[in-house]
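Observations on the model geometry
Here is what each chain is made of, one letter per residue.
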Amino acid sequence: MTELPAYYLPLGRTGDHEHFMPTEHTVSVWGDDLQHGGPPIGLLARSLLRHQPDPAHAFTRVTVDILGAIGMAENRIHTTVLRPGKQISLVQSELSVRQVDGTYRTAARAQGWRMATAETSEVVHLPTPPLTPAPDEIEAAPGMTGIGPLVGEWATKGFVGTLDCRIASSDPEVGREVWVRPNFPLVAGEQTTDIEKFFTVLDIANGIGSTLAFSEWTFMNTDTTVHLHRQPVGEWTGIKARMTVGPQGYGLTGAELFDGSGAVGRSAQTLLIRSVG
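Right, let's walk through the structure included here. (Residues numbered from 1 in each chain as written. Predicted model: local features only at pLDDT ≥ 70, side-chain atom pairs only at ≥ 80, totals over all residues. Heavy atoms only, no water.)

1. Looking at unusual backbone geometry
The test is simple: A run of H or I in DSSP counts as a helix once it spans at least four residues, and a run of E counts as a strand once it spans at least two, with each numbered from the N terminus.
Across the junction of Thr132 and Pro133, the peptide omega takes the value 0°, indicating a cis bond. Note on placement: Pro133 falls in the loop between β8 (104-116) and β9 (163-169). Backbone geometry places Gln52, a non-glycine residue, at a positive phi of 45°. Along the chain, the position of Gln52 falls in the loop between α1 (38-50) and β5 (57-66).

2. Re the nonpolar core
To be explicit about the condition: For our purposes a nonpolar core is just a set of buried Ala, Val, Leu, Ile, Met, Phe, Trp, Tyr and Cys residues, chained together by side-chain atoms within 4.5 Å. Exposure categories follow from relative accessible area, calculated using a 1.4 Å probe and restricted to protein chains: below 20% of the type maximum is buried, above 50% is exposed, and the middle band is partly exposed.
Within the largest apolar cluster, 53 residues are counted, with the highest numbers of intra-cluster contacts made by Leu95, Leu163, Phe199 and Ile239. The biggest single contributor to this core is α1, with 6 residues. In terms of nonpolar packing, the next biggest core, distinct from the first, is built from 6 residues, Leu131, Ile138, Trp179 and Trp236 among them.

3. Comments concerning the packing of aromatic side chains
Our working definition: Each aromatic pair joins two rings of Phe, Tyr and Trp (for Trp, the six-membered one) with centres within 6.5 Å, and gets the label stacked for planes under 30 degrees apart, edge-to-face for over 60, and tilted for any other angle.
Taken as a whole and assessed by the stated rule, the structure comprises 7 aromatic pairs. On the basis of an interplanar angle of 70° and a centroid distance of 6.4 Å, the ring pair of Tyr8 and Phe20 is categorised as edge-to-face. With a gap of 12 residues between them, Tyr8 in strand β1 (residues 8-14) and Phe20 in strand β2 (residues 17-22) connect regions that are remote in the sequence. The buried category is assigned to Tyr8, whose relative accessible area is 0%.

The following block contains the structure:
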């Protein structure tokens, strides 16, 4: 049986560090020597989720700060508990990229609040309706073809070309609505969990919600923050995203997040916006 391509190849562990080699499937639309934000966020979330796991606890908020270019050389992950607790704990993962001289430069950091779960089904309040239509009712297109400014090579290059995307709504003013799932495992030889798939695709909200053309503007995000009110289930993640552009070179993308049963939370990304010309 042929193994599927993956976003990362595992290179083993040294002490408290895990080592991975990014594959060509992680490449960013912004440059061949950079990773798209999606796979590193997925890798950091994987490390948070698998660090001292407890089925009686769940991550309710995860923030990823991108501290610099995430290159295509070896990536190293280190995870620790910053604030231990029985009810609430704060877990941190750092991703470092190996440099030519053999040292490592920290390129991204994720922090997640992990809370003890409890029974609150009798007071559930879900003001956001489910995302429709369902992905199996929508025609597929290569990569992210047809999603806002994503045309030509922008829609199929590197990481975005590995995604299965279905457009539910294409109106950027109220928020484009897209179903998405990764076609490859996050780490070769591993079973990627539903929530790991969820975090792997969230960075594309920036492109989904964009009102700007790639040929005229760059709008790279410096962070992604996710708040969850329940854990996502299933292969598909629904994203309803809208970009807001300010007058001073920065903006934000806000998104509502879904699985097949309905809303699961929200995300926000800070954007650095620059004219290509």
